[in-house]
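Read off the chains here:
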Amino acid sequence: MEPYRIKVVEPIPVLTRAERTEAMRAAGYNPFNLNADQITIDLLSDSGTGALSAAQQSAAALGDETYAGARSYYRFRDAVTVLTGFDHVLPVHQGRAAERILFGALLQPGALSVSNTHFDTTRANVHLSCGTAVDLPCAEAKDLDSDDPFKGNIDLDALEGMLSGPDYVGVVIMTITNNGGGGQPVSMANLRAASELCRAHGVPFILDAARFAENAWLVVQREPGWSDKTPAEVARAAFDLADGAVASLKKDAIVHMGGFLALRDKDLAARCEAVLIATEGFRTYGGLAGRDLEMIAVGLREVVEPSYLRARAAQTEYLAELIEKAGVSIVRPPGIHALYLNAGRLLRHLTPADYPGHALACELYVAGGIRCAELGSLYLGVEDESGVLVKPAPYELVRLAIPRRVYTQSHLEYVAEVVGEIAKDPESVPGQRIVSAPDLLRHFHCRTEPVPTAR
Ligand SMILES: Cc1ncc(COP(=O)(O)O)c(C=O)c1O
């Protein structure tokens, strides 16, 4: 059970099916266009959506808003240093700012950034720094149904080939857990081997540590030799293998805004600090308020509590069990921050050109007011100039992201019921076609419409 009780509550809207149908139509069948007051259960993101603890809220009252040298910065820095062991800690307003600053300082034009899987902002920031992002997920990641415990790993042979090859590798960045790869964890053995390869080739080894605590928990549960360690010890062992880390603290510091860039190398840190001051803010606040820094310091301690992580992982596993019982496949094994529904398998009557993941996301809203995001051909597919899908995504998935400390067991049971109702008659779910879409980041802005079915 959850190791906390609820002290402050917020009502959630419950609309009728007719109201939701109209809301979806008015939103151009894009869940990103819905408003909060139209949504019953919001599983769009686990980022910045967690519930604060009483301890975090009381720490916020200590927020020191001094421009330079604020006390809050030192409490933030100490919490990050105790956790990671890095000497140079720069606060940023969120994870993508740390990525932009780091890649700008590390990558020469044409350099490669190699990863188990780049998150989409990470990839975009590599490209903005004139680098090229290369993903090398392990072979096990391709089988969505297998229970391999560490499908977030990098393919070590491919990494070695890349590091020994003719192209210049400017950085290797490991995303823990691997959000773009089904939320799967990375093993300590894989991290160590990747770190050793980088050291041998003189390439900086960086962690994208947005979900460092959830990765550590899955290592404790799944990796031989680590079961007697605390999540904080495992996290520290992971950071010890790296030259630095970028982190979105909107995930595993359970705050609404924040991030860090932490480094060992003094000169690199100095170059990054100059850009930080020019673009985010002075080195002791980096775009955050003193109260944010205080809440992060507390959140970083709370998130590694075994009782918290145990309950959070159990919540996701429970939802996975209910959904699978209802006959819907997920990417296995379940991770922690999200479940990925296999929409392609559920909606067999649709082709990738009918965007089955997007169709299922729209249906989850209309059927139950559940908002979530597609991770399929709408997000990753490629169309020709006339709008015909020429390269579908490898899988048609829907991500149900689970905010931290927000929803109760009965909320999740409700989600599983709605999924189960759809699974009873999947062929009633219409495909979708694109009506309008910008070239860049189209899944955020596009409008679609249902394709009438033959039934
Ligand atoms: C793995 C990963 N890296 C980086 C980011 C970017 O972080 P932010 O949203 O704080 O900019 C995210 C956000 O979802 C993420 O999941």
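Residues numbered from 1 in each chain as written. Predicted model: local features only at pLDDT ≥ 70, side-chain atom pairs only at ≥ 80, totals over all residues. Heavy atoms only, no water.

## Focus: the site of the ligand
Around the ligand there are 13 residues in total, and Q94, R96, D208, S248 and K251 lie nearest to it. Between the ligand and the protein, one listed contact pairs a nitrogen atom with a side-chain N or O atom of D208 at 2.7 Å. Summarising the interface, the protein chains cover 96% of the accessible area of the ligand, which totals 380 Å² for the free molecule. Elements with a contribution of two residues or more to the shell around the ligand: α4 (95-106) and α10 (249-252). It is α4 that contributes the most residues to the shell around the ligand, 3 residues altogether. In terms of residue class, the shell around the ligand is built from 1 nonpolar, 6 polar and 6 charged. (Near = heavy atom within 4 Å. Polar contact = N/O pair within 3.5 Å; in protein donor to acceptor, adjacent residues only side chain to side chain. Areas by Shrake-Rupley, 256 points an atom, 1.4 Å probe, with all protein chains shown as cover. Helix = DSSP H or I, 4+ residues; strand = E, 2+ residues; numbered from the N terminus. Nonpolar A, V, L, I, M, F, W, Y, C, P; charged D, E, K, R; others polar.)

## A short note on the UniProt feature "domain: Aromatic amino acid beta-eliminating lyase/threonine aldolase" (unreviewed entry) in the chain
Mapped onto the present numbering, the UniProt feature "domain: Aromatic amino acid beta-eliminating lyase/threonine aldolase" (unreviewed entry) falls on residues 42-417. Secondary structure across residues 42-417 divides into 44% helix and 15% strand, with the first and last C-alpha atoms of the span separated by 15 Å. (UniProt positions renumbered as here; feature names shortened; annotations may be inferred.)

## A look at the domain arrangement of the chain
We note that the domain assignment places domain 1 (17-46 + 306-450) and domain 2 (54-302) within the chain. Between domain 1 and domain 2, the contact holds 25 residues from the first and 27 residues from the second. Between domain 1 and domain 2 lies a buried interface of about 2300 Å² when both sides are counted; carbon and sulfur atoms form 51% of it. There are 7 salt bridges connecting domain 1 and domain 2. Here R405 and E302 are joined by a salt bridge, their closest N and O atoms 3.1 Å apart. At the boundary of domain 1 and domain 2, one finds 19 residue pairs in polar contact (both at pLDDT 80 or more). The biggest single contributor to the side of domain 1 that touches domain 2 is helix α13 (residues 306-325), with 6 residues. Split by residue class, the side of domain 1 that touches domain 2 holds 13 nonpolar, 4 polar and 8 charged. (Domains from an automatic or database assignment. Contact = heavy atoms within 4.5 Å. Buried area = accessible area lost by both parts, 1.4 Å probe. Salt bridge = Lys/Arg side-chain N within 4 Å of Asp/Glu carboxyl O.)

## Focus: the pattern of salt bridges
Where charged atoms from two side chains of opposite charge approach closely, those side chains can pair. Tallied over the entire structure, the rule returns 26 salt bridges. Its salt-bridge partner being D147, residue R332 comes within 2.8 Å of it at the nearest N-O pair. Here R332 is found in the loop between α13 and β9 (338-342), whereas its partner D147 is found in the loop between β4 (132-135) and α6 (156-164), with 185 residues between them in sequence. With a relative accessible area of 21%, R332 lands in the partly exposed category. Here D147 falls in the partly exposed class, since its relative accessible area comes to 47%. The partner of E421 in a salt bridge is K424, with the nearest N and O atoms 2.7 Å apart. Here the residue E421 and the residue K424 both occupy positions in helix α17 (residues 409-424), the gap between them amounting to 3 residues, near one helical turn. Among the residues examined, E421 registers a relative accessible area of 48% and is labelled partly exposed. Take K424: its relative accessible area is 62%, and that puts it in the exposed class. Through salt bridges with shared partners, a single network forms among D46, R211, E214, D252, R312 and R404. (Buried < 20%, exposed > 50% of the residue type's maximum accessible area, 1.4 Å probe, protein only.)

## Observations concerning the pairing of β4
The sheet contact formed by strand β3 (residues 112-115) and β4 spans 4 bridges and is parallel. Its bridge partner lying in β4, S113 is registered against A133. (Pairing = 2+ DSSP bridges.)

## Regarding helix α12 (residues 290-302)
With 13 residues, α12 extends 19 Å between its outermost C-alpha atoms, agreeing within 8% with the 18 Å of an ideal straight helix rising 1.5 Å per residue. Listed in full, the buried residues belonging to α12 are G290, D292, L293, E294, M295, I296, A297, V298, G299, L300 and E302. (Expected span 1.5 Å × (residues − 1).)

## Quick look at the nonpolar core
Counting 64 residues, the largest nonpolar core has L191, F205, L207 and F212 as the members making the most contacts within it. In this structure, this core is formed jointly by two domains, domain 1 (17-46 + 306-450) and domain 2 (54-302), each of which donates at least three residues. Residues I41, A320, I370 and Y407 belong to the second largest nonpolar core, which totals 31 residues. (Core = buried A, V, L, I, M, F, W, Y, C linked by side-chain atoms within 4.5 Å.)

## Observations regarding the packing of helix α8 (residues 212-222) against α13
At a minimum axis distance of 10 Å, the contact between α8 and α13 shows a crossing angle of 85°. For the element pair α8 / α13, the angle class is roughly perpendicular. Contacts between α8 and α13 involve A213, E214 and W217 from the first element and P306, L309, R310, R312 and A313 from the second. Grouping the constituent residues of the contact of α8 with α13 by class yields 5 nonpolar, no polar and 3 charged. (Axes fitted to C-alpha atoms, helices over the stretch in contact; angles between N-to-C directions. Parallel < 35°, antiparallel > 145°, perpendicular 65-115°, else oblique.)

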